[in-house]
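Read off the chains here:
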Amino acid sequence: MNKLAKLLSQKSQGKKLTCLTAYDASFARVLDDCGVDLLLVGDSLGMVVQGHNSTVPVTLDDMIYHSILVRRGAPQAWMIADLPFMTASSLTLALDSAQQLMQKAGVQMIKIEGDQSVVPIVAALTQQGVPVCAHLGLLPQQALRLGYKTAGKTSQAAEKLLADALALEAAGASMLVLECVMPDVAAKITQALSIPTIGIGSGNQTDGQVLVLHDVLGLSAYPPSFAPSFLVNGRTIRDAICAFVHDVRAGQFPSAS
Ligand code: KIV
(Lines give C-alpha, C1' and ligand atoms only; values in the text may rest on other atoms or scores of the structure.)
Protein backbone atom coordinates (compact mmCIF):
# COMPACT_ATOMS: atom_id res chain seq x y z
CA MET A 1 0.00 0.00 0.00
CA ASN A 2 1.46 3.41 -0.91
CA LYS A 3 1.76 6.23 1.60
CA LEU A 4 -1.39 8.07 0.47
CA ALA A 5 -3.51 4.91 0.46
CA LYS A 6 -2.23 4.13 3.95
CA LEU A 7 -3.17 7.59 5.22
CA LEU A 8 -6.60 7.43 3.60
CA SER A 9 -7.27 3.99 5.06
CA GLN A 10 -7.17 5.51 8.55
CA LYS A 11 -10.78 6.62 7.99
CA SER A 12 -12.08 3.07 7.66
CA GLN A 13 -9.91 2.01 10.62
CA GLY A 14 -11.37 4.79 12.78
CA LYS A 15 -7.86 6.20 13.33
CA LYS A 16 -7.92 9.99 13.51
CA LEU A 17 -5.59 11.85 11.15
CA THR A 18 -3.41 14.55 12.69
CA CYS A 19 -2.38 17.60 10.70
CA LEU A 20 -0.49 20.77 11.63
CA THR A 21 0.76 23.62 9.54
CA ALA A 22 4.51 23.86 8.99
CA TYR A 23 6.51 26.62 7.39
CA ASP A 24 10.17 25.84 8.05
CA ALA A 25 12.65 22.99 8.45
CA SER A 26 13.10 23.07 12.25
CA PHE A 27 9.42 22.83 13.10
CA ALA A 28 8.81 20.34 10.28
CA ARG A 29 11.39 18.04 11.88
CA VAL A 30 9.73 18.28 15.32
CA LEU A 31 6.25 17.71 13.85
CA ASP A 32 7.48 14.65 11.98
CA ASP A 33 9.28 13.33 15.09
CA CYS A 34 6.02 13.67 17.05
CA GLY A 35 4.18 11.57 14.45
CA VAL A 36 2.00 14.26 12.87
CA ASP A 37 0.43 12.48 9.88
CA LEU A 38 0.09 15.44 7.51
CA LEU A 39 2.24 18.58 7.29
CA LEU A 40 0.33 21.44 5.71
CA VAL A 41 2.25 24.35 4.23
CA GLY A 42 -0.76 26.60 4.63
CA ASP A 43 -1.12 30.04 3.13
CA SER A 44 -1.86 31.00 6.75
CA LEU A 45 1.86 31.73 6.62
CA GLY A 46 0.78 35.14 5.31
CA MET A 47 -0.54 35.93 8.77
CA VAL A 48 1.56 33.93 11.23
CA VAL A 49 4.95 34.23 9.47
CA GLN A 50 4.71 37.33 7.28
CA GLY A 51 2.52 39.45 9.58
CA HIS A 52 -0.23 40.27 7.05
CA ASN A 53 -3.84 40.36 8.17
CA SER A 54 -5.07 37.88 5.54
CA THR A 55 -3.79 35.15 3.22
CA VAL A 56 -4.35 37.32 0.13
CA PRO A 57 -0.77 38.66 -0.20
CA VAL A 58 0.78 35.17 -0.24
CA THR A 59 2.34 34.33 -3.61
CA LEU A 60 3.15 31.04 -5.30
CA ASP A 61 6.86 31.81 -4.82
CA ASP A 62 6.25 32.17 -1.06
CA MET A 63 4.53 28.78 -1.02
CA ILE A 64 7.35 27.17 -3.00
CA TYR A 65 10.00 28.69 -0.71
CA HIS A 66 8.33 27.51 2.51
CA SER A 67 7.53 24.09 1.04
CA ILE A 68 11.21 23.62 0.17
CA LEU A 69 12.14 24.40 3.80
CA VAL A 70 9.54 21.98 5.17
CA ARG A 71 10.63 19.22 2.81
CA ARG A 72 14.24 19.71 3.91
CA GLY A 73 13.27 19.32 7.60
CA ALA A 74 10.96 16.36 7.08
CA PRO A 75 12.01 14.45 3.96
CA GLN A 76 9.61 11.55 4.58
CA ALA A 77 6.52 13.45 5.76
CA TRP A 78 3.33 13.68 3.71
CA MET A 79 3.37 17.34 2.66
CA ILE A 80 0.33 19.27 1.49
CA ALA A 81 0.54 22.84 0.16
CA ASP A 82 -2.11 25.43 -0.55
CA LEU A 83 -2.68 26.94 -3.94
CA PRO A 84 -2.53 30.57 -2.79
CA PHE A 85 -4.84 33.45 -3.77
CA MET A 86 -5.66 33.62 -7.51
CA THR A 87 -3.36 30.78 -8.51
CA ALA A 88 -6.38 28.66 -9.41
CA SER A 89 -8.15 31.41 -11.34
CA SER A 90 -7.87 29.33 -14.52
CA LEU A 91 -7.31 25.68 -15.24
CA THR A 92 -3.94 26.36 -16.86
CA LEU A 93 -2.73 28.47 -13.96
CA ALA A 94 -3.85 25.87 -11.40
CA LEU A 95 -2.08 23.06 -13.25
CA ASP A 96 1.08 25.14 -13.65
CA SER A 97 1.06 26.19 -9.97
CA ALA A 98 0.63 22.60 -8.82
CA GLN A 99 3.41 21.49 -11.13
CA GLN A 100 5.79 24.06 -9.65
CA LEU A 101 4.92 23.14 -6.04
CA MET A 102 5.45 19.46 -6.75
CA GLN A 103 8.54 19.65 -8.95
CA LYS A 104 10.41 22.47 -7.20
CA ALA A 105 9.48 21.70 -3.60
CA GLY A 106 8.47 18.04 -3.35
CA VAL A 107 4.87 18.79 -2.39
CA GLN A 108 2.72 15.61 -2.57
CA MET A 109 -0.80 16.96 -2.27
CA ILE A 110 -2.34 20.23 -3.41
CA LYS A 111 -5.01 21.96 -1.33
CA ILE A 112 -7.54 24.16 -3.05
CA GLU A 113 -10.22 26.31 -1.42
CA GLY A 114 -13.65 26.46 -2.98
CA ASP A 115 -17.08 24.99 -3.56
CA GLN A 116 -18.39 23.14 -6.64
CA SER A 117 -16.98 25.92 -8.80
CA VAL A 118 -13.51 24.35 -8.43
CA VAL A 119 -14.69 20.88 -9.52
CA PRO A 120 -13.14 21.22 -13.05
CA ILE A 121 -9.79 22.12 -11.47
CA VAL A 122 -9.94 19.23 -9.00
CA ALA A 123 -10.79 16.86 -11.86
CA ALA A 124 -7.98 18.18 -14.09
CA LEU A 125 -5.38 17.96 -11.31
CA THR A 126 -6.53 14.45 -10.41
CA GLN A 127 -6.35 13.33 -14.04
CA GLN A 128 -2.75 14.51 -14.14
CA GLY A 129 -1.91 12.39 -11.08
CA VAL A 130 -2.01 15.16 -8.48
CA PRO A 131 -3.53 14.18 -5.12
CA VAL A 132 -5.97 16.93 -4.13
CA CYS A 133 -7.25 18.11 -0.77
CA ALA A 134 -10.40 20.22 -1.13
CA HIS A 135 -11.33 22.91 1.42
CA LEU A 136 -14.91 23.94 2.30
CA GLY A 137 -16.57 26.06 4.97
CA LEU A 138 -14.79 29.24 5.98
CA LEU A 139 -12.57 30.12 3.01
CA PRO A 140 -9.80 32.49 4.13
CA GLN A 141 -8.99 33.51 0.53
CA GLN A 142 -12.61 34.75 0.22
CA ALA A 143 -12.65 36.52 3.60
CA LEU A 144 -12.60 40.04 2.12
CA ARG A 145 -15.88 39.19 0.37
CA LEU A 146 -17.52 36.73 2.79
CA GLY A 147 -15.86 37.48 6.14
CA TYR A 148 -14.76 34.99 8.78
CA LYS A 149 -18.02 33.18 9.56
CA THR A 150 -19.12 29.77 10.69
CA ALA A 151 -20.52 27.85 7.72
CA GLY A 152 -23.62 25.66 7.47
CA LYS A 153 -25.84 27.52 9.92
CA THR A 154 -29.05 27.26 7.89
CA SER A 155 -30.48 24.06 6.46
CA GLN A 156 -30.00 25.48 2.96
CA ALA A 157 -26.33 26.27 3.66
CA ALA A 158 -25.83 22.82 5.20
CA GLU A 159 -27.36 21.13 2.15
CA LYS A 160 -25.12 23.12 -0.17
CA LEU A 161 -22.02 22.15 1.82
CA LEU A 162 -22.96 18.48 1.58
CA ALA A 163 -23.61 18.76 -2.17
CA ASP A 164 -20.28 20.59 -2.63
CA ALA A 165 -18.44 17.91 -0.63
CA LEU A 166 -19.96 15.09 -2.69
CA ALA A 167 -19.15 16.87 -5.95
CA LEU A 168 -15.53 17.45 -4.91
CA GLU A 169 -15.16 13.81 -3.90
CA ALA A 170 -16.66 12.69 -7.23
CA ALA A 171 -14.20 14.97 -9.06
CA GLY A 172 -11.32 13.10 -7.44
CA ALA A 173 -10.43 14.93 -4.22
CA SER A 174 -8.68 12.56 -1.80
CA MET A 175 -9.27 14.60 1.35
CA LEU A 176 -11.44 17.46 2.49
CA VAL A 177 -10.67 20.21 5.00
CA LEU A 178 -13.78 21.53 6.74
CA GLU A 179 -13.05 24.91 8.33
CA CYS A 180 -15.49 26.39 10.85
CA VAL A 181 -18.39 24.23 9.75
CA MET A 182 -21.23 23.61 12.21
CA PRO A 183 -20.27 20.37 14.03
CA ASP A 184 -23.48 18.51 13.14
CA VAL A 185 -23.04 19.42 9.47
CA ALA A 186 -19.35 18.39 9.53
CA ALA A 187 -20.41 15.07 11.08
CA LYS A 188 -23.03 14.50 8.37
CA ILE A 189 -20.54 15.28 5.60
CA THR A 190 -17.97 12.96 7.21
CA GLN A 191 -20.48 10.11 7.22
CA ALA A 192 -21.53 10.75 3.62
CA LEU A 193 -18.02 10.74 2.15
CA SER A 194 -15.61 7.87 1.69
CA ILE A 195 -12.61 10.27 1.73
CA PRO A 196 -11.33 11.58 5.08
CA THR A 197 -12.49 14.95 6.38
CA ILE A 198 -10.02 17.05 8.35
CA GLY A 199 -11.74 19.52 10.62
CA ILE A 200 -10.67 22.84 12.06
CA GLY A 201 -13.18 24.47 14.36
CA SER A 202 -15.77 21.96 13.09
CA GLY A 203 -16.35 19.71 16.08
CA ASN A 204 -14.96 16.31 16.96
CA GLN A 205 -16.74 14.04 14.47
CA THR A 206 -14.42 14.62 11.50
CA ASP A 207 -11.85 11.99 10.48
CA GLY A 208 -8.95 14.19 11.51
CA GLN A 209 -8.00 17.55 12.93
CA VAL A 210 -5.78 20.35 11.69
CA LEU A 211 -4.59 23.44 13.54
CA VAL A 212 -2.28 26.31 12.72
CA LEU A 213 1.05 25.61 14.45
CA HIS A 214 1.29 29.12 15.90
CA ASP A 215 -2.10 28.66 17.63
CA VAL A 216 -0.97 25.34 19.14
CA LEU A 217 2.12 27.12 20.50
CA GLY A 218 0.20 30.14 21.79
CA LEU A 219 2.01 32.51 19.42
CA SER A 220 -0.91 33.92 17.43
CA ALA A 221 -2.03 37.49 18.08
CA TYR A 222 -5.71 36.55 17.65
CA PRO A 223 -6.08 32.79 18.20
CA PRO A 224 -9.52 31.45 17.31
CA SER A 225 -11.54 30.21 20.29
CA PHE A 226 -11.42 26.60 19.03
CA ALA A 227 -7.59 26.55 18.97
CA PRO A 228 -6.15 26.44 22.49
CA SER A 229 -2.45 26.65 23.20
CA PHE A 230 -0.96 23.23 23.96
CA LEU A 231 2.19 24.90 25.30
CA VAL A 232 0.97 24.84 28.90
CA ASN A 233 1.83 23.13 32.20
CA GLY A 234 5.59 23.57 31.68
CA ARG A 235 5.60 21.62 28.41
CA THR A 236 8.40 22.02 25.88
CA ILE A 237 7.49 22.81 22.27
CA ARG A 238 8.03 19.15 21.40
CA ASP A 239 5.79 18.06 24.30
CA ALA A 240 3.07 20.48 23.19
CA ILE A 241 3.06 19.13 19.63
CA CYS A 242 3.11 15.53 20.84
CA ALA A 243 0.21 16.38 23.19
CA PHE A 244 -1.81 17.64 20.21
CA VAL A 245 -1.13 14.38 18.36
CA HIS A 246 -2.03 12.32 21.42
CA ASP A 247 -5.21 14.27 22.21
CA VAL A 248 -6.54 14.08 18.64
CA ARG A 249 -5.84 10.35 18.36
CA ALA A 250 -7.41 9.70 21.75
CA GLY A 251 -10.52 11.67 20.81
CA GLN A 252 -9.78 14.18 23.58
CA PHE A 253 -9.31 17.14 21.23
CA PRO A 254 -11.53 18.80 20.40
CA SER A 255 -13.95 17.89 23.15
CA ALA A 256 -17.54 17.02 22.23
CA SER A 257 -19.48 20.26 21.69
O1 KIV B 1 -3.71 27.93 5.47
C2 KIV B 1 -3.97 27.16 6.42
O3 KIV B 1 -3.26 27.08 7.41
C4 KIV B 1 -5.19 26.37 6.31
C5 KIV B 1 -5.64 25.65 7.56
C6 KIV B 1 -6.21 26.64 8.51
C7 KIV B 1 -6.57 24.55 7.27
O8 KIV B 1 -5.80 26.31 5.31
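The numbering scheme is per chain: residues are counted from 1 as the chain's sequence reads. Given that the model is predicted, a residue must reach a pLDDT of at least 70 before its local features are reported, and side-chain atom pairs must reach 80 or more before they are shown or counted; all residues, however, enter totals for whole chains, interfaces and linings. With hydrogens and water excluded, all non-hydrogen atoms of the structure serve as input to the side-chain values.

Caption draft 1: How the structure looks around the packing of helix H6 (residues 91-105) against helix H7 (residues 119-127). Comment: axis = line fitted to C-alpha atoms, over the contacting stretch for helices; angle = value between 0 and 180 degrees taken between N-to-C directions. Secondary structure is summarised from DSSP: a helix means a run of H or I of at least four residues, a strand means a run of E of at least two, and numbering begins at the N terminus for each. Interaxial distance between H6 and H7 falls to 10 Å at its minimum, and their mutual angle equals 45 degrees. With respect to H7, the axis of H6 lies oblique. Remark: the crossing between H6 and H7 carries right-handed chirality. Along the contact surface, H6 presents Leu 91, Ala 94, Leu 95 and Ala 98, while H7 presents Pro 120, Ile 121, Ala 124 and Leu 125. Under the scheme applied here, ten amino acids are nonpolar (Ala, Val, Leu, Ile, Met, Phe, Trp, Tyr, Cys and Pro), four are charged (Asp, Glu, Lys and Arg), and all others, including Gly, are polar. Within the contact of H6 with H7, the residues separate by chemical class into eight nonpolar, no polar and no charged. Oblique is the label for every angle not falling under 35 degrees (roughly parallel), over 145 degrees (roughly antiparallel), or within 65 to 115 degrees (roughly perpendicular). Rotating anticlockwise by less than a right angle from the far helix to the near helix defines a left-handed crossing, while the corresponding clockwise rotation defines a right-handed one. Here, residues are in contact when the closest pair of their heavy atoms is within 4.5 Å.

Caption draft 2: Quick look at the pattern of salt bridges. For this document, the term salt bridge refers to a Lys or Arg side-chain nitrogen within 4 Å of an Asp or Glu carboxyl oxygen. Per the counting criterion, the structure on display carries six salt bridges. One salt bridge in this structure joins Arg 249 and Asp 37, with 3.3 Å as the shortest N-O distance. In this pair, Arg 249 is assigned in helix H12 (residues 237-249) and Asp 37 in the loop between helix H3 (25-33) and strand S2 (38-41), connecting sequence segments 212 residues apart. Partly exposed residues are those whose accessible area sits between 20% and 50% of the maximum for their type, while under 20% is buried and over 50% is exposed, using a 1.4 Å probe and protein chains only. Note on Asp 37: relative accessible area 13%, which makes it buried. Measuring nitrogen to oxygen at the nearest pair gives 2.8 Å for the salt bridge that ties Lys 160 to Asp 164. Of this pair, Lys 160 and Asp 164 both sit in helix H9 (residues 155-171), four residues apart, which is roughly one turn of the helix. Of the residues examined, Lys 160 reaches a relative accessible area of 41% and is grouped as partly exposed. Overall, the relative accessible area of 2% leaves Asp 164 in the buried class.

Caption draft 3: Looking closely at the site of the ligand. Around the ligand, the surrounding shell consists of Thr 21, Leu 40, Gly 42, Asp 43, Ser 44, Asp 82, Lys 111, His 135, Ile 200 and Val 212. Ser 44 is positioned with one of its side-chain polar atoms (N or O) 2.5 Å from an oxygen atom of the ligand. The separation between an oxygen atom of the ligand and a polar side-chain atom of Asp 82 is 3.2 Å. Contact with the protein chains covers 96% of the free accessible surface of the ligand, which is 260 Å². Working definition: residue near molecule or strand if any one of its non-hydrogen atoms lies within 4 Å of it. Distance and chemistry together define a polar contact, namely a pair of N or O atoms within 3.5 Å, with one atom able to donate a hydrogen and the other to accept it when in protein, and with adjacent residues in sequence counting only for side-chain atoms on both sides. Using a 1.4 Å probe, accessible areas were evaluated by the Shrake-Rupley method; residue-level cover was limited to the displayed protein chains.

Caption draft 4: Up close: the packing of aromatic side chains. To pair, rings of Phe, Tyr and Trp, with the six-membered ring standing in for Trp, must have centres within 6.5 Å; the planes then decide the type, stacked if under 30 degrees apart, edge-to-face if over 60, and tilted in the middle. Within the structure shown, the criterion is met by three aromatic pairs. A centroid spacing of 5.7 Å and a plane angle of 85 degrees characterise the contact between Phe 230 and Phe 244, whose relative ring orientation is edge-to-face. You can see Phe 230 sitting in the loop between helix H11 (213-216) and H12 and its partner Phe 244 sitting in helix H12, a full 14 residues away along the chain. Residue Phe 244 is classed as buried on the basis of its relative accessible area, which comes to 0%. Summarising the aromatic geometry, the rings of Phe 230 and Phe 253 are spaced 5.3 Å apart at their centres and angled 80 degrees between planes, so their arrangement reads as edge-to-face.

Caption draft 5: Here's a closer look at the packing of H7 against H9. Two numbers describe how H7 lies on H9: the axes approach to 8 Å, and their chain directions differ by 25 degrees. Classified by the angle between their axes, H7 and H9 sit roughly parallel to one another. With respect to the hand of their crossing, H7 and H9 are arranged in right-handed fashion. From H7, Val 119, Val 122, Ala 123 and Thr 126 reach across to H9, where they touch Ala 167, Leu 168 and Ala 171. Classifying every residue of the contact of H7 with H9 gives six nonpolar, one polar and no charged.

Caption draft 6: Representation of helix H5 (residues 60-73) within the structure. By this rule, a helix spans an expected 1.5 Å times one less than how many residues it contains. End to end, H5 covers 20 Å across 14 residues, agreeing with the expected 20 Å (1.5 Å per residue, within 8%). All of the buried residues along H5 are Leu 60, Met 63, Ile 64, His 66, Ser 67, Leu 69, Val 70, Arg 71 and Gly 73. If you follow the buried residues of H5, they end up packed against H3, S2, helix H4 (45-48), strand S3 (78-82) and H6.

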